[in-house]
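Architecture and fold: a report
Listed here are the chains, written in short residue letters.
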Amino acid sequence: MNPRKLIRPLDAASIIKDAQKELQSSTRRLFGKRLLSLGGLALLSGCDLTDDKSINTMLRRVSTLNDGAQALLFDPRKPAPTYPESMLTRPFPFNAYYDIDQVPEVDAQTYRLEVGGLVKGKRIWTLDELRALQQRSQVTRHICIEGWSAIGKWGGVRFADFLILAGADTGAKYVAFHCADNYWTSIDMPTALHPQTLLALTYDGNVLPPKYGFPMKLRMPTKLGYKNPKHIVAITVTNEFPGGYWENQGYNWFGGS
Ligand SMILES: Nc1nc2c(c(=O)[nH]1)N[C@H]1C(S)=C(S)[C@@H](COP(=O)(O)O)O[C@H]1N2
Ligand SMILES: [Mo]
């Protein structure tokens, strides 16, 4: 059976609640300040978010907003909403460009994270070294362009801390991620340095399970699902546009959520 069939319908009620909070204050701010929230996006994409279908439509339209407009509207300091643990979506959905029985097996003992490109520091990291760094956690909403969203809890290292420890040139334009399943994606430096961007090693308090990206994924509540790479094996800091698996097939590169 196609696992997508098992995924819950959109959690419409809570998305609309978030959107309404934004809408109350955002109409005035939308064009004055640089605001890009769910509510702001609803306005920009002309959707009223009254049902699952219009949320779907909005997610689709958002993906076709051009990257320049999104980058201009995105405020890299604006925090994404967080939620109480009582709102966690159980079970959290699995998604990838293949079915769940194809999830890559990564060996914790031999695993090494390679950091390359414009960095001056340590280039090879073991899992234990990453686990020894200061850990934080977040309960945030993951929004997938295919029309579902879910609230999850991830723990790990703040990516900005990691980039600084690795001696990365934070004036570079992009950070690219290569994954054990050959997936790849890339993000802009302002998003890489956003305080909620996390190199996640755990899910819901336990070691990140294979289906959610063992040994490590990048979790960004400011970006759509496909910008959140799982099973990361290499990170590259670069000024050359790296693209991505879905982005090169037409998905919006900026991919803000
Ligand atoms: N390595 C890798 N990362 C990936 C993908 C993938 O196929 N491979 N799919 C992306 C998409 S489209 C989504 S919605 C999320 C799903 O993450 P989850 O399985 O933890 O829900 O992973 C993203 N990261
Ligand atoms: Mo996705």
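Residues numbered from 1 in each chain as written. Chains lettered and ligands numbered in written order. Predicted model: local features only at pLDDT ≥ 70, side-chain atom pairs only at ≥ 80, totals over all residues. Heavy atoms only, no water.

1. So, the site of ligand 1
To keep things clear, this is the line we draw: A cutoff of 4 Å decides nearness: a residue is near a molecule or strand if any of its heavy atoms lies inside that distance of it. Polar contacts, as counted here, are pairs of nitrogen or oxygen atoms within 3.5 Å of one another; within protein the pair requires one atom able to donate a hydrogen and one able to accept it, and residues that are adjacent in sequence qualify only if both atoms are side-chain atoms. What sets the accessible areas is the Shrake-Rupley method with a 1.4 Å probe; for residues, cover comes only from the shown protein chains. Only Asp, Glu, Lys and Arg are considered charged, only Ala, Val, Leu, Ile, Met, Phe, Trp, Tyr, Cys and Pro nonpolar, and every remaining residue, Gly among them, polar.
Around ligand 1 there are 21 residues in total, and Pro93, Asn95, Asp181, Asn228 and Lys230 lie nearest to it. One nitrogen or oxygen atom from the main chain of Asn95 is found 2.9 Å from an oxygen atom belonging to ligand 1. A distance of 2.6 Å is found between an oxygen atom of ligand 1 and a side-chain nitrogen or oxygen belonging to Lys230. Contact with the protein chains removes 99% of the 540 Å² of surface that ligand 1 exposes when unbound. Split by residue class, the shell around ligand 1 holds 12 nonpolar, five polar and four charged.

2. Looking at the pattern of salt bridges
Pairing between side chains of opposite charge can happen when their charged atoms approach one another. Selection rule: What counts as a salt bridge is simple: a side-chain nitrogen of Lys or Arg found within 4 Å of a carboxyl oxygen of Asp or Glu. To qualify as a helix, a DSSP run of H or I must reach at least 4 residues; to qualify as a strand, a run of E must reach at least 2; elements of each kind are numbered from the N terminus. Only protein chains enter the area calculation, which uses a 1.4 Å probe; residues under 20% of their type maximum are buried, those over 50% are exposed, and those in between are partly exposed.
A complete count under the given rule lists seven salt bridges for this structure. The salt bridge involving Asp204 is made with Arg90; its shortest N-O contact spans 2.7 Å. In this pair, Asp204 is assigned in the loop between β7 (198-203) and β8 (206-207) and Arg90 in the loop between α4 (67-73) and β1 (113-117), connecting sequence segments 114 residues apart. For Arg136, the salt bridge is made with Asp161, and the minimal N-O distance between the two is 3.4 Å. With Arg136 in strand β3 (residues 136-144) and Asp161 in helix α6 (residues 159-165), this residue pair connects regions lying 25 residues apart in the sequence. In this structure Arg136 comes out as partly exposed when scored by relative accessible area, which is 28%. Given a relative accessible area of 27%, Asp161 falls into the partly exposed group.

3. Some remarks on the nonpolar core
Within soluble globular proteins, side chains that are nonpolar generally end up buried alongside one another. Filter applied, for reference: The criterion is simple. A nonpolar core is a set of buried Ala, Val, Leu, Ile, Met, Phe, Trp, Tyr and Cys residues joined through side-chain atoms within 4.5 Å. The contact criterion used throughout is that any non-hydrogen atoms of two residues lie within 4.5 Å.
Of all hydrophobic cores here, the largest spans 30 residues; its most connected members are Leu113, Phe159, Phe162, Leu199 and Ile235. Of all the elements in the fold, those that place two or more residues in this core are β1, α5 (127-131), α6, β5 (174-179), α7 (189-192), β7 and β10 (232-238). In this structure, Phe162 is in contact with Leu113, Val115, Trp125, Leu130, Leu133, Val157, Leu199 and Ile235, ignoring residues within four places of it in sequence. Core analysis: the next-biggest nonpolar cluster, separate from the first, contains 10 residues, Cys144, Trp154, Leu208 and Tyr212 among them.

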